[in-house]
Amino acid sequence: MQPTDIKNPEYFHKVVDCQYACPAHTPVPEYIRLISQEKYTEAYMINWESNVFPGVLGRTCDRPCEPACRRGRIEEEPVAICRLKRVAADNKGEVKPFMPQGPFSFNGKKIALVGGGPASLTVARDLAPLGYEIHLFDEQFKGGGFMRSQIPSFRLPESVLDEEVNYILDLGIHTHFNHFVHSMEELLSQDYDAVFVGTGAPKGRDLPDLPGRNEGAKKIHIGINWLANVAFEHTTNIGKKVIVLGGGNTAMDCCRTSRRLGGEFVKVVVRSPYSEMKASPWEKEDAMHEDIPIVDNHVPIEFVVKDGVLKGLNFEKVTPIFENGKRKLVPTGEPLVFIEADDVLIAIGQENSFPWIERSAGIDFDKWGMPVVDTLTHASSHPKVFFGGDSAWGPKNVITAVAHGHQAAISMDLFCRNLPLTQRPSPFVNLVSQKMGLHEWAYESDVVNDVRYTVAQADKKITLSNRKTEVELGFTKHEGCKEAERCLNCDIQTVFVEDKCIECDACVDICPTTCITFIDNAEEDELRQLLNMPALNTSQDLYVSAPLKTKRVMVKDEDVCLHCGLCAERCPTSAWDMHKFLYEVTKAG
Amino acid sequence: MTFIKPKFRHPDLPTNKLGYTLSYYEGALSTLCAGCGHDSISAAIIQSAFEMNIEPHKLAKLSGIGCSSKTPAYFLSNSHGFNSVHGRMPSVATGANMANKDLIYLGVSGDGDTASIGMGQFVHVIRRNLKMIYIVMNNGCYGLTKGQDSATADNGSISKSGIVNQFQAIDLCGLAIELGATFVAQSFSGDKKQLIPLIKAGMAHNGFAFINVISPCVTFNNNKGSTKSYDFVRDHLEATGTFDFVPEMEEITTNYESGEKHAIKLHDGSLLQFNKLDNEWDPLDRFSAMKAVHQAREKNEIITGLLYLNQKAMDLHELVNTCDRPLNTLKKEDLCPGNGVLAVINAGLR
Ligand SMILES: Cc1cc2nc3c(=O)[nH]c(=O)nc-3n(C[C@H](O)[C@H](O)[C@H](O)COP(=O)(O)OP(=O)(O)OC[C@H]3O[C@@H](n4cnc5c(N)ncnc54)[C@H](O)[C@@H]3O)c2cc1C
Ligand SMILES: Cc1ncc(C[n+]2csc(CCOP(=O)(O)OP(=O)(O)O)c2C)c(N)n1
Ligand code: SF4
Ligand code: SF4
Ligand code: SF4
Ligand SMILES: [Mg+2]
């Protein structure tokens, strides 16, 4: 193999598994360390820079970082990265002084943002301090998009959302709430220099062809519309028996909300097997904790309506069968199963919908009705129009919308400055030795053995009686510290300098997880097999040195390195050293 | 600060036939200087015990005084141990072995511990062919007392303070062969590929197995001009050939042509396989082994590998016809068989 080029920031970036997996590349270990030092304000600001909504995300993030967390590869559970974010948000001091301070001098350019969800708000935050005049349009009466209309208050208190939306609006954003944009052409005819579309995926899927759909219509609701009605208090109750169709996040929020509006016998019924449901494991656990059974392998066949009144649904039982690597749901042949219901919530997915964008507006759409958007620049085929969030490539989540917002903001700024959109700014990186003494590092190198701490929940009796009472209590400061200490500090990189190595093997012998091997060089596939512990996780890189004195090379498998620094402590010549690696995605400007 | 080794190990660590992973054979975190050759030898011992499927309680580690003699704290935490007085490890090993021959005895010593203060003990344990493996971690100096030249420091070797050694070195392997040691090997701490099979073979050998391991002292004897530095040793290594240890029961899969490979069956049924042996040298022939040692010395080379093996000699238990059972299992009836037996003995002496 060729020697690893550690000067390429992407090499060490990839070693920081959580940060790499985070769509917005939040410097996770850096903020976790600050939490363990009780520096909550600093930890909050690191988050705010990257992901804009730490308080929201610390409660609701889809957490792609956690399955990626290295800790999950060396023991059962990853670090509770997401809930630690909330610890920072809950305990922070005054943060406004650390945010950009307006008024900003006008740079002469005007920007329109359609939709007030996390994608648009991120664009607003990144561009406002650069002097853009920003106009944000949303049909709702307040900003936040789906974070407000969909995510229930028992998961995300309104005050937390308001606070973080306002940090952005206070930067001098011109808001146009209760304002549905009806025409893209009209918008483009105004004097905006660029337009961002952050309208989400606002259309809930229906089951229009299921018998009884029309007859029972009064008691059959589209999940996301129903959740929005609840959030905006148009809907305040539901029948005692509720069936929620679907197995994703929306279904989980629908069933739990139903329990709070009078639903006593709420069931989630899903076509696929339990293990294949789209909802996260913790969402399913939370639903079942609230006495909501999840009935899997049941396909809805018809709504049963008698005398104009919905009685329930008939389901066909199926069983998953694997054929040529594909999963099929095959009827078991048993009689149909009837499940009673006063109300049915259909939560089987959402779609994009752009009725307000004229096909003559100069924006290309593909055959599925989706806009053609460049994955790097977020540009559409209309030079002035950019897309991001769920509106660009379909429903994802808040953190993805934020990441899109950052990238779109960069493009819009480049566009307004007449620079090529492909001229992306390089990330900000920094690499600093952590050595303080013989056995002393500037970071806590001890690896603690604690298993993951769980977040306490409020009493079910209280939370089920009030839709707005937050269920999770969050970590206490003490629990936050303890959980933070579980982090392995993957951003403290092992850096190898071949000229210093005397090949004494001390690092090989001490490494608890057998990461290091001195070996004759070979091609990667072969090398992976020959290491002291074969490196079978190919998603993790091998760190290969230039040839040493004995013509061998040093090969380190990054996979299960604990970043404990023992290799560097045992190295007599400091050929190994621990360096703190900071990687920040550069923002617009 | 890290004075504790993290508990986590590679999640895919293999287990041996007893179901243990390598970590079961580890010891405390070493307090030796970073980069000390002795730590590598400890790692080789851990690996060997793991691969030999040794039940930790069936092994006793014994040592004298010195950095080298401290190492038993850093391996095989689940085994028996005795850290004896300077140079006196062989007598403690002899006593223990006489009391219970069922254990594997692993002696660890230094060049100071063996070639200076312990020389008297060393030569006698060889003479007696005590069944044990005796490893000298040889760094050419007294590491623990800050690096004075030891008796194995080569004539002309320069110490860290710049002083040239005037005295002749004691060649421990040459001496051991001369005195009739039945298994004599030499290796280098930085060559685990060779060292591990040697340790395994030494543990399987039915008699006194001696391994002299050159083990650089990174703090006091790794300077330019020292003949025990990493660089010097690497530049002057001369392996007698590569070498495999094949435990009993394991299927021998490699086909080898005569001359190319040479296999020796050990007492316990395991096999030693030599590859590409030097034509002139036969490890079963003491004269040829002596000659090889002398030639290497002449050429300024450090000859490594298994230098000499004699499986015919009886070990101490056989020689003095001891009882088979560990002494602590002998009951009063065994030790005091009664008047009848006494009468027979007395009658025999008339
Ligand atoms: C029930 C449910 C629960 C969810 N839970 C989570 C969760 O826990 N964690 C998570 O990360 N993600 C969650 N999501 C997904 C997440 O809410 C979205 O991915 C995210 O909000 C998308 O952000 P966005 O900026 O693209 O648009 P959105 O947040 O969808 O905002 C778009 C806004 O634009 C408005 N709008 C649309 N068209 C127009 C127009 N023409 N004129 C004016 N305004 C317009 C809409 O009313 C809306 O307010 C959930 C989604 C649902 C449905
Ligand atoms: C009876 C006695 N005499 C002298 C000493 C001092 N002493 C301690 S270690 C040592 C030499 C150890 O050298 P070696 O066996 O080569 O071990 P190393 O530290 O080099 O591994 C000496 C002389 C002692 N501890 N006991
Ligand atoms: S251990 Fe810490 S730094 Fe490493 S992946 Fe997990 S959260 Fe990130
Ligand atoms: S930091 Fe060094 S010693 Fe620790 S696990 Fe990683 S490679 Fe091994
Ligand atoms: S401990 Fe240092 S000098 Fe020794 S082999 Fe490892 S990197 Fe090289
Ligand atoms: Mg010594």
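Small disclaimer: the values here were computed from a predicted structure and weren't measured.

Trainee: Quick rundown of the confidence of the model for chain B? Include the residues and the values.
Mentor: Residue and element names in this part refer to chain B. This prediction gives chain B a mean pLDDT of 91; 93% of its residues lie at or above 70. Low pLDDT, under 50, characterises residues 251-259; the stretch is placed with eight contacts to residues that sit more than four places away or in other chains. In the predicted assembly, ipTM is 0.88 and pTM is 0.91.

Trainee: Give a description of the packing of aromatic side chains that names residues and reports values.
Mentor: Tallying each qualifying case throughout the model produces 23 aromatic pairs over all chains. Considering the side-chain rings of B:Tyr20 and B:Tyr25, the 6.2 Å spacing of their centres and the 80° angle between planes classify their relative orientation as edge-to-face. The buried category is assigned to B:Tyr25, whose relative accessible area is 1%. On the basis of an interplanar angle of 75° and a centroid distance of 6.2 Å, the ring pair of B:Tyr25 and B:Phe50 is categorised as edge-to-face. Remark: B:Phe50 occurs in helix H1 (residues 37-51) and B:Tyr25 occurs in the segment before H1; sequence separation between them is 25 residues. Across the pair, exposure class does not vary: B:Tyr25 and B:Phe50 are buried alike. Taken together, A:Tyr11, A:Phe12, A:Phe496, A:Phe518, A:Tyr543, A:Trp576, A:Phe581 and A:Tyr583 form an aromatic cluster joined through their ring pairs. Its guanidinium or amino end placed over the ring of A:Trp282, A:Arg63 lies 3.6 Å from that ring's centre, counting from NZ or CZ. Sitting over the face of the ring of A:Trp48, A:Arg125 holds its NZ or CZ atom 4.4 Å from the ring centroid.

Trainee: Can you lay out the coordination of the magnesium ion (ligand 6) for me, pointing to particular residues and giving the numbers?
Mentor: Donor atoms from the polypeptide that coordinate the magnesium ion (ligand 6) comprise B:Asp111 (OD), B:Asn139 (OD1) and B:Cys141 (O), at 2.1 to 2.2 Å from the metal. Along the chain, the residues that donate to the magnesium ion (ligand 6) are spaced as D-x27-N-x1-C.

Trainee: Describe in detail the sheet that holds strand E4 (residues 194-197) of chain A, supporting the description with residues and values.
Mentor: Residues and elements named next belong to chain A. The strand order across the open sheet formed by five strands is E3-E2-E1-E4-E16, and the pairing between neighbours is parallel. Every interior strand has two partners, whereas the edge strands, strand E3 (174-176) and strand E16 (385-387), have only one. Each neighbouring strand pair of the sheet contributes to a mean axis angle of 20°, computed without reference to strand direction. Direction of pairing for strand E1 (residues 110-114) relative to E4: parallel, over a ladder of four bridges. Looking at E4, one finds that Ala112 is bridged to Val195. Sheet strands in contact with helix H9 (residues 118-127) are E1, strand E2 (133-137) and E4, and its direction is about 160° off that of E1.

Trainee: Talk me through the domain arrangement of chain A; I want residue IDs and the actual numbers.
Mentor: Residues and elements named next belong to chain A. In terms of domain boundaries, chain A breaks down into domain 1 (9-98 + 445-464 + 474-484), domain 2 (110-202 + 352-416), domain 3 (205-348) and domain 4 (492-584). The C-alpha centroid of domain 4 is placed 28 Å from the C-alpha centroid of domain 1. At the junction of the two partners, domain 1 supplies 18 residues and domain 4 supplies 23 residues. Of the roughly 1,800 Å² buried at the junction of domain 1 and domain 4 (both faces included), carbon and sulfur atoms supply 55%. Its largest share of buried area at the contact with domain 4, domain 1 owes to Tyr11, Phe12 and Arg70, together 31% of the area lost on that side. Connecting domain 1 to domain 4 are three salt bridges. Salt-bridge contacts for Asp541 lead to Lys14; the nearest nitrogen and oxygen are separated by 3.1 Å. For the side of domain 1 that touches domain 4, the leading source of residues is helix H1 (residues 9-15), giving seven residues.

Trainee: Go over the site of ligand 2 with me, naming the residues and quoting the values.
Mentor: All names here are of chain B. Near ligand 2 there are 17 residues, and of these Ser68, Asp111, Gly112, Asp113 and Gly143 occur at the shortest range. Between ligand 2 and His38, the relevant distance is 2.9 Å, taken from an oxygen atom to a side-chain nitrogen or oxygen of the residue. With respect to ligand 2, the backbone of Leu144 contributes an N or O atom lying 2.9 Å from an oxygen atom. Protein coverage of the free-state accessible area of ligand 2, which is 590 Å², stands at 73%. Among the elements of the structure, helix H2 (67-70), helix H4 (111-115) and strand E5 (141-142) are those that each provide at least two residues to the shell around ligand 2. Sorting elements by how many residues they give to the shell around ligand 2 places H4 first, with three residues.

Trainee: Would you mind going over the pairing of strand E11 (residues 309-323) of chain A in detail, with residue names and values included?
Mentor: Residues and elements named next belong to chain A. Judged from the eight bridges that link them, strand E10 (residues 298-306) and E11 form a sheet pairing that is antiparallel. Bridge assignment links Pro300 to a residue of E11, and that residue is Phe315. Linking two consecutive strands that pair antiparallel, namely E10 and E11, is a turn of two residues; a positive phi of about 50° is found at Asp307 within it. In this sheet, strand E12 (residues 326-331) lies alongside E11 in antiparallel orientation, the contact comprising six bridges. In the sheet register, Pro320 faces E12, and the bridge partner there is Leu329. Here E11 folds back onto E12 in antiparallel fashion, the turn holding two residues, of which Asn324 has a positive phi close to 45°.

Trainee: Tell me what's going on with the site of ligand 3, and back it up with residues and numbers.
Mentor: Around ligand 3, the neighbouring residues are A:Asp17, A:Cys18, A:Pro29, A:Cys69, A:Arg70, A:Ile81, A:Cys487, A:Leu488 and A:Cys490. For the shell around ligand 3, the class distribution of residues is seven nonpolar, no polar and two charged.

Trainee: Which residues make up the interface of chain B and chain A, and what values go with them?
Mentor: Counting residues at the interface gives 28 residues for chain B and 34 residues for chain A. Both sides together, the interface formed by chain B and chain A hides about 2,700 Å², and carbon and sulfur atoms give 56% of it. Across the chain B-chain A interface, the total number found is four salt bridges. With its nearest N and O atoms 3.1 Å apart, the salt bridge here joins A:Lys549 to B:Asp231. For the side of chain B that touches chain A, the secondary structure elements donating two or more residues are H1 and helix H8 (230-236) of chain B. Tallied by class, the residues present in the side of chain B that touches chain A amount to 14 nonpolar, six polar and eight charged.

So, how was this worked out
Residues numbered from 1 in each chain as written. Chains lettered and ligands numbered in written order. Predicted model: local features only at pLDDT ≥ 70, side-chain atom pairs only at ≥ 80, totals over all residues. Heavy atoms only, no water. pLDDT = per-residue confidence, 0-100. Contact = heavy atoms within 4.5 Å. Phe/Tyr/Trp six-rings, centres within 6.5 Å; stacked < 30°, edge-to-face > 60°. Buried < 20%, exposed > 50% of the residue type's maximum accessible area, 1.4 Å probe, protein only. Helix = DSSP H or I, 4+ residues; strand = E, 2+ residues; numbered from the N terminus. Lys NZ or Arg CZ within 6 Å of the ring centre and 35° of its normal. Donors = N, O, S within 2.8 Å, 3.2 Å for Na, K, Ca; no water. Pairing = 2+ DSSP bridges. Axes fitted to C-alpha atoms, helices over the stretch in contact; angles between N-to-C directions. Domains from an automatic or database assignment. Buried area = accessible area lost by both parts, 1.4 Å probe. Salt bridge = Lys/Arg side-chain N within 4 Å of Asp/Glu carboxyl O. Near = heavy atom within 4 Å. Polar contact = N/O pair within 3.5 Å; in protein donor to acceptor, adjacent residues only side chain to side chain. Areas by Shrake-Rupley, 256 points an atom, 1.4 Å probe, with all protein chains shown as cover. Nonpolar A, V, L, I, M, F, W, Y, C, P; charged D, E, K, R; others polar.

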